[in-house]
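Architecture at a glance
Here is what each chain is made of, one letter per residue.
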Amino acid sequence: MNLQEYVAEFGRRLRLSLASRGAGAVALAALFLTVILVYFANRFAFSSSSVIGARTLLFGGLIAAVLALLARPLMNLGKKGVAGEIERSVPAFQGRVKTYLDETKRAEKTGARNPLLDLLAEDAMRVAEAAPVETVVSTGRIVSYAGLGLVAAAVLLWLGMSGPGYWGYGTAKLWTGWILPDKPPLYDLIIEPGDSTVRSGAGLKVKAQPVGFEASNAEISVKYESSVDWEAAPMAHQSEGAGFEFAFTGIHEPFHYVVTAGGIRSNEYAVRVVEMPNVENIKLTYKFPKWTGMEDIVEDPGGDIRALVGTTVEVEIKTDKPLKGGVLTVNENDLALKGEGLTVKAQLQVEKDGEYHIAALYEGEHVSLTEDFFITVTSDEKPDVKILQPGRDWKATSIEEVAARFEATDDFGVGSFELNYSINGGDWTKVALGGGGRQVRKDYVFYLEDMGVTETELPEDEEVGIQMLLPRGAEEQPLKPKEKEKPKTVRRKLEPGDLISYYIAARDHATAARTDMYFIEVQPFERTFQQSQQGGGGGGGQMNQQNEISKRQKEIITATWNLIQEQSAKDGRSKEEIRESAQMLSELQLTLKEQAKTLAERTRARQLSGVNEKFQQFVKNLELAAESMQPASDQLKGFKLQDAVQPEQKALQYLLRAESLFTDIQVAFQQGGGGGGGGGGMSQDLAEMFELEMDLEKNQYETGGGSSAQQQLESEIDDAFKKLEELARRQEQLAQQMREQDQASFAERWQQEMLKREAEELKRQLEQLERRSQSQSQSQQAQSGQQGQQGQQGQQSQQGQSGQQGQQGQSGGQS
């Protein structure tokens, strides 16, 4: 490279550096000016004058920046020349480059070349080699200036295309608002009704809704046709987000108005005043759907409309002058008013909530003659069904007549009304109770003596009974199985332990409702209820404990029924929440199954079949109850709630039958006891067995006080069942409240969440108790069997001694 090439390369890189620095500075200036001007234009809500002024300042500032930061440096470089910049940038040249270039120009003009010029160039190149062009005008400086300009331009482009809030709107407004179609205003005042025509003497409501900004106050300015000056008045602030409102009353003169709020001024609107007829009366005739069975209802005078979907309402309007071009405006749709003279009519169909008013067409424009009236759709509530009598579970003998009274009410008439009952968990029998009318009340009598049940009678199984103890030293002989008999179907009358489940259902046009499930338990006759008197006391507490296991089964049935009710309710709990509750009930049913099974095994271990053969039936019914509880638990686990009710009822029936048998056993022994003979001992033994085996609250074992750990476990299980009962009651109360209201309040939703959490906690607790109960039952069963054998041997010994004493007494009498 010679000196000429060095100077040319230096000049090229120097111009590139100046251009990149100037362009970057202009981009930064454009960004800075845009931000400042958008900020100030926003203070004036981007009014037309503020936008035009800001745009003028922006483009004026950009032109000044281009001239000062880009064009001027390049022009100065051309005037001063590259040599001056080289000498200033590399002082070591000491004028060599400038002298060389000047002499070269002189030689070109005169044609006489200075012989020392080559030596000067050679000397200057030695300095140039020590100061390369790339070092003096570095590439990094050029790229830095260009990169800074690109970043500023990118930020400016982002602001204009997707900047946040008013920054994006204002940037696009300043840069492209004068070329591209204008965007919707960021800040605006929506005025209703704008230009309008009203009848003379009517009123007018002007509403102003700020858009894009908040305003603490608004002002309306009015200029009447007969006035010269504008009159201003404050507008009333409505609820949060509803804007402002001003009401004109008794308008008799045309006027213009504008609204100002938060620095935003609306367009100017005009209100015309015309003479129109006045509406003196509105008469409404309701024609309800046929399925309601309701006659037409007339409201005179009428106004707001409240009716069912599908109701036709005839609107009859009476005016003081003939109304021409009158319309009934319903939800912004016009219905022509027909008639002659001062009375016109139109019909509207109630389909949804809305509003309507009477209007007239004046030069193609609507002129309202009345204010807006509301149209409100009323819902068809589902029937309300009640069991007035007996109103609770009932106990009766198999020959009694149970009187019941049922009631159904509906807002538009009960379509159907029926009783549903089932015996021992069998198929449901439906009894029509009538219908029609808003209230239906019906008396019904359950004739228990005439009611029967068809069931399959299974052949007796000798191995189901309790084996007798063999004499000491005798070898145990295997039981010989009988020939199996074929099961046969028999129909029998109700017996103690049978169960009648029933509920009431009613339906109207589109919805249905039903009551909770109630039970009628078939009880033994009078002798059963005298056991406490004949037994010398102590029986009352046992009678209460006797019903504990059936009571818990009832609670499971009631909870299942409540879940079925919630499943069909529109405003009930979610499907997942109901599924979780069903899972919890499944676990409870399994727990109760294990308790019934354990109770049967403990009773079998006492080996009292030789005393009373009814013990076999007692144990068998407990085992059948446990067998019915398993499919009930499976159906609940599979979320088949309807299918779970029948096996649940079947299990309850077997439990009631077992409890009835046990009561008969107690009464029989207490009537046969009394003296110091075996009857009193047997009665006492039965009382102890009752207390130890059926007292599920105490749940003591044969060893006196029992295991404290087992007592605590059974107590916890009992607490869990009590919580279940309370949970079912609270669920029913909350469901009833929801049925009486249109929608759930915050407090009710909170209560639902609390019930859900309680159910989840109860489920976890019962799972732990079940595992503990299974492990402890295995060890206790072995211990109970050993003690049962010892008790049986003692009892046989006592019977033998009693027999010997009886023989001695007879011998003495004969002698």
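About the cut-offs
In this numbering scheme, every chain counts its residues from 1 along its sequence in written order. In keeping with the model being predicted, local features are shown solely for residues with a pLDDT of at least 70 and side-chain atom pairs are shown and tallied solely at 80 or more, while totals for entire chains, interfaces and linings include all residues. Just so you know, side-chain values use all the structure's heavy atoms and leave hydrogens and water out. A pair of strands is treated as paired once DSSP finds two or more bridges between them. Strands here are runs of E lasting at least two residues and helices are runs of H or I lasting at least four, both read from the DSSP assignment and numbered beginning at the N terminus. Note on geometry: axes are C-alpha line fits, over the in-contact stretch for helices, and angles between N-to-C directions span 0 to 180 degrees. Two distance rules govern patches: like charges are joined within 9 Å, and nonpolar side chains (Val, Leu, Ile, Met, Phe, Trp, Tyr) within 5 Å, applied only to residues with over 30% relative accessible area and no salt bridge. Per-residue and other accessible areas follow the Shrake-Rupley method at a 1.4 Å probe size, with only the shown protein chains counted as cover for residues. The term salt bridge refers to a pairing of a side-chain nitrogen on Lys or Arg with a carboxyl oxygen on Asp or Glu at a separation within 4 Å. Working definition: roughly parallel below 35 degrees, roughly antiparallel above 145 degrees, roughly perpendicular at 65 to 115 degrees, and oblique for all remaining angles. Crossing handedness follows the turn of the near helix against the far one: under a right angle anticlockwise gives a left-handed crossing, and clockwise gives a right-handed one. Any residue that is not Ala, Val, Leu, Ile, Met, Phe, Trp, Tyr, Cys, Pro, Asp, Glu, Lys or Arg is counted as polar, Gly included; the first ten are nonpolar and the last four charged. pLDDT gives the predictor's per-residue confidence on a scale running from 0 to 100. Residues are treated as being in contact if the distance between any of their heavy atoms lies within 4.5 Å. For Phe, Tyr and Trp, rings pair up if their centres lie within 6.5 Å, where Trp contributes its six-membered ring, and each pair is then called stacked (planes under 30 degrees apart), edge-to-face (over 60) or tilted (otherwise). Remark: exposure states derive from per-residue accessible area (1.4 Å probe, protein chains only) relative to the maximum for the residue type, with buried under 20%, exposed over 50%, and partly exposed in between. Charge-over-ring contacts are defined here by two conditions on Lys NZ or Arg CZ: a distance within 6 Å of the ring centre and an angle within 35 degrees of the ring normal.

**Focus: the sheet that holds strand β17 (residues 343-349)**
- Taken together, the four strands give an open sheet; going across it, the order is β12-β11-β14-β17, and neighbouring strands pair in antiparallel fashion. Each edge of the sheet is formed by a strand with only one pairing partner; in this case those strands are β12 (297-299) and β17. Neighbour-to-neighbour, the strand axes of this sheet turn through a mean angle of 20 degrees, independent of strand direction.
- By the bridge criterion, three bridges tie strand β11 (residues 279-287) to β12 in an arrangement that is antiparallel. Residue Thr285 lies in a different strand from β12, and its bridge partner there is Val298.

**Details of a nonpolar patch on the surface**
- Taken together, the side chains of Phe32, Ile36, Tyr39 and Phe40 present a nonpolar region at the surface, about 400 Å² in accessible area.
- Locating Tyr39 in the fold gives a position in helix α1 (residues 3-43).

**Quick look at the sheet that holds strand β26 (residues 439-447)**
- The strand order β21-β23-β26 describes an open sheet built from three strands, whose pairing is antiparallel. Bordering the open sheet on either side are β21 (384-389) and β26, each of which pairs with just one other strand. When the angles between neighbouring strand axes are averaged without regard to direction, this sheet yields 20 degrees.
- Sheet topology places strand β23 (residues 401-409) next to β26; nine bridges connect them, and they run antiparallel. Note that in β26 the partner of Ala403 across the bridge is Val445.

**Section: the packing of helix α12 (residues 575-605) against helix α13 (residues 614-637)**
- Here α12 crosses α13 at 165 degrees, and the two axes come no closer than 8 Å. The pairing of α12 with α13 is recorded here as roughly antiparallel in orientation. For the pair α12 and α13, the sense of crossing is left-handed.
- Of the residues belonging to the contact of α12 with α13, the class tally is 15 nonpolar, six polar and five charged.

**A few points about the confidence of the model for the protein chain**
- Per-residue confidence for the protein chain gives a mean pLDDT of 76; residues scoring 70 or more make up 73%.
- Every residue in residues 696-707 scores below 50 in pLDDT, and together they form 35 contacts with partners more than four places removed in sequence or on other chains.
- In the predicted structure, residues 782-815 sits below a pLDDT of 50 and forms 21 contacts with residues beyond four places in sequence or in another chain.

**Some remarks on the packing of aromatic side chains**
- What the rule picks out here adds up to 19 aromatic pairs.
- Measuring from ring centre to ring centre gives 5.7 Å for Tyr257 and Tyr269, while their planes differ by 35 degrees; the resulting arrangement is tilted. A residue pair is termed long-range when its members are at least 10 positions apart, and Tyr257 in strand β8 (residues 255-261) and Tyr269 in strand β10 (residues 269-274) qualify at twelve residues. Here the two residues Tyr257 and Tyr269 agree in accessibility, since each one is buried.
- Members of the aromatic cluster, joined through ring pairs, are Tyr224, Phe246, Phe248, Phe255, Tyr257 and Tyr269.
- Here Arg514 stacks its cationic end above the ring of Trp561, 4.3 Å away from the centre of that ring.

**A word on the pattern of salt bridges**
- Overall, the coordinates contain six salt bridges when judged by the stated rule.
- Measuring nitrogen to oxygen at the nearest pair gives 4.0 Å for the salt bridge that ties Lys554 to Asp393. Pair noted here: Lys554 is in helix α11 (residues 548-568) and Asp393 is in the loop between β21 and β22 (394-396), with a separation of 161 residues, a long-range link.
- By relative accessible area, Lys554 is classed as buried at 15%.
- You can call Asp393 partly exposed: its relative accessible area is 31%.
- The shortest N-O distance in the salt bridge between Lys554 and Glu521 comes to 2.0 Å. Placement of the pair is Lys554 in helix α11 and Glu521 in strand β31 (residues 518-522), with a sequence separation of 33 residues. Accessibility classification places Lys554 together with Glu521 in one group, the buried group.
- Counted as one network, the salt bridges with shared partners bring together Asp393, Glu521 and Lys554.

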